[in-house]
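Architecture and fold: a report
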Amino acid sequence: AQSVAQPEDQVNVAEGNPLTVKCTYSVSGNPYLFWYVQYPNRGLQFLLKYITGDNLVKGSYGFEAEFNKSQTSFHLKKPSALVSDSALYFCAVRDPGNTPLVFGKGTRLSVIA
Amino acid sequence: KAGVTQTPRYLIKTRGQQVTLSCSPISGHRSVSWYQQTPGQGLQFLFEYFSETQRNKGNFPGRFSGRQFSNSRSEMNVSTLELGDSALYLCASSSGTGFGEQYFGPGTRLTVT
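Per chain, the residues get numbers from 1 upward, laid out in the order the sequence is written. Chain letters and ligand numbers both follow the written order, the letters beginning at A and the numbers at 1. Where local features are concerned, this predicted model is filtered to residues with pLDDT of at least 70; where side-chain atom pairs are given and counted, the filter is 80 or more; whole-chain, interface and lining totals use all residues. To obtain the side-chain values, all non-hydrogen atoms of the structure were used and water was disregarded.

**A look at the packing of aromatic side chains**
This is how the line gets drawn: Note on aromatic contacts: the rings of Phe and Tyr and the six-membered ring of Trp form a pair at centre separations within 6.5 Å, being stacked when their planes are under 30 degrees apart, edge-to-face when over 60 apart, and tilted otherwise. Comment: elements are numbered from the N terminus, with helices defined as DSSP H or I runs of at least four residues and strands as E runs of at least two. The classification of residues rests on relative accessible area computed with a 1.4 Å probe and restricted to protein chains. Under 20% of the type maximum is buried, over 50% is exposed, and intermediate values are partly exposed. A ring is considered to have a charge above it if a Lys NZ or an Arg CZ atom is located within 6 Å of its centre and within 35 degrees of its normal.
Across all of its chains, the model carries 15 aromatic pairs over all chains by this definition. Ring centres 6.1 Å apart and planes at 85° place the aromatic pair A:Tyr32 and B:Phe99 in the edge-to-face group. Of the two residues, A:Tyr32 sits in strand β5 (residues 32-38) while B:Phe99 sits in the loop between β9 (87-94) and β10 (103-104), which places them in two different chains. On the basis of relative accessible area, B:Phe99 is assigned to the partly exposed category, the value being 39%. Judged by centre distance (5.5 Å) and plane angle (80°), the ring pair of A:Tyr36 and B:Phe104 falls under edge-to-face. Taken together, the positions of A:Tyr36 in strand β5 and B:Phe104 in strand β10 put the pair across two chains. What makes A:Tyr36 buried here is its relative accessible area of 0%. In this structure B:Phe104 comes out as buried when scored by relative accessible area, which is 11%. Positioned above the aromatic ring of A:Phe63 is the side chain of A:Lys78, whose terminal nitrogen or guanidinium carbon lies 5.0 Å from the ring centre. For B:Arg55, the ring lying beneath its charged end belongs to B:Phe50, and the centroid distance is 4.5 Å.

Here it is as structure tokens:
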């Protein structure tokens, strides 16, 4: 069965600095990978996904993620963090086929002015 | 295009009661998934429906059930409520392909006393 791990519960970064939120996964086939963001008292918002093709995926709000098959990772990155990026970030993975989308436990990002 | 809507937004119930939550997906989406979100367990997958058929089911007791109607609207029901059922219940809709992103509603906050 597929699984995903977000090794950091909390990431703190200064405004203007680059940020990275880590994600590793385990699947039996080629993965479908997703990042979502959740702001307080809101549902999740889709940021970006990797299905196939270029390993560097660009998404909403200036975020990007790099798919690394050998390290089974899909880290979320942004070159310059904003205070408004402070939120809860979820990585998710899905095996091809009609399997459920499995989420990591989430990483709370705090960007400090 | 209207987003995913969930009703009610907030519910307070007593142990032993039952509850029904409703979800209206984005127009044209045929897949609806339900998740339970709690601070300790993160996002736990409940079930997924596609064209009125349950396609996947998570590891929840039989007290949790759901269904999908011909217009793709979905309901989930929890019978014999327990204190541990207190959570944010999120509904997500998608086109139904494995690589399609899910779009989340704002959630229903259920409190069991």
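**Regarding the pattern of salt bridges**
Once their charged atoms are close, side chains differing in charge can pair, the charge on each being opposite to the other. Rules: We define a salt bridge as a contact between a side-chain nitrogen of Lys or Arg and a carboxyl oxygen of Asp or Glu at a distance within 4 Å.
According to the stated counting rule, one finds nine salt bridges over all chains in the structure shown. Salt-bridge contacts for A:Arg94 lead to B:Glu48; the nearest nitrogen and oxygen are separated by 3.1 Å. Remark: B:Glu48 occurs in strand β5 (residues 42-50) and A:Arg94 occurs in strand β10 (residues 87-94); the pair is interchain, linking two chains. Both residues of the pair, A:Arg94 and B:Glu48, count as buried. When the shortest N-O distance is used, the salt bridge between B:Glu82 and B:Arg63 registers 3.6 Å. Residue B:Glu82 is found in the loop between β8 (74-78) and β9, and its partner B:Arg63 is found in the loop between β6 (53-57) and β7 (64-68); the two are separated by 19 residues along the sequence. What makes B:Arg63 buried here is its relative accessible area of 16%. Through salt bridges with shared partners, a single network forms among A:Arg94, B:Glu48 and B:Arg55.

**Some details on the layout of surface pockets**
Applicable threshold: Cavities and pockets were defined on a 1 Å grid built over protein atoms only: a cavity is a set of grid points that admits a 1.4 Å probe from which the probe cannot escape, a pocket is an open set flanked by protein on both sides within 12 Å along at least five of seven lines, and lining residues are those with an atom within 4 Å of any such point. Grid points are joined across faces, edges and corners, and a volume is the space filled by probe spheres set on the points. Classification convention: Asp, Glu, Lys, Arg as charged; Ala, Val, Leu, Ile, Met, Phe, Trp, Tyr, Cys, Pro as nonpolar; all other residues, Gly among them, as polar.
In this model, the largest pocket occupies a volume close to 570 Å³. Taken together, 24 residues make up the lining of the largest pocket; nearest its centre are A:Gln38, A:Leu88, A:Arg108, B:Gln37 and B:Arg109. Going through the elements one at a time, β10 and β12 (107-112) of chain A together with β4 (31-38) of chain B are the ones with two or more residues in the lining of the largest pocket. By residue class, the composition of the lining of the largest pocket is eight nonpolar, 10 polar and six charged.

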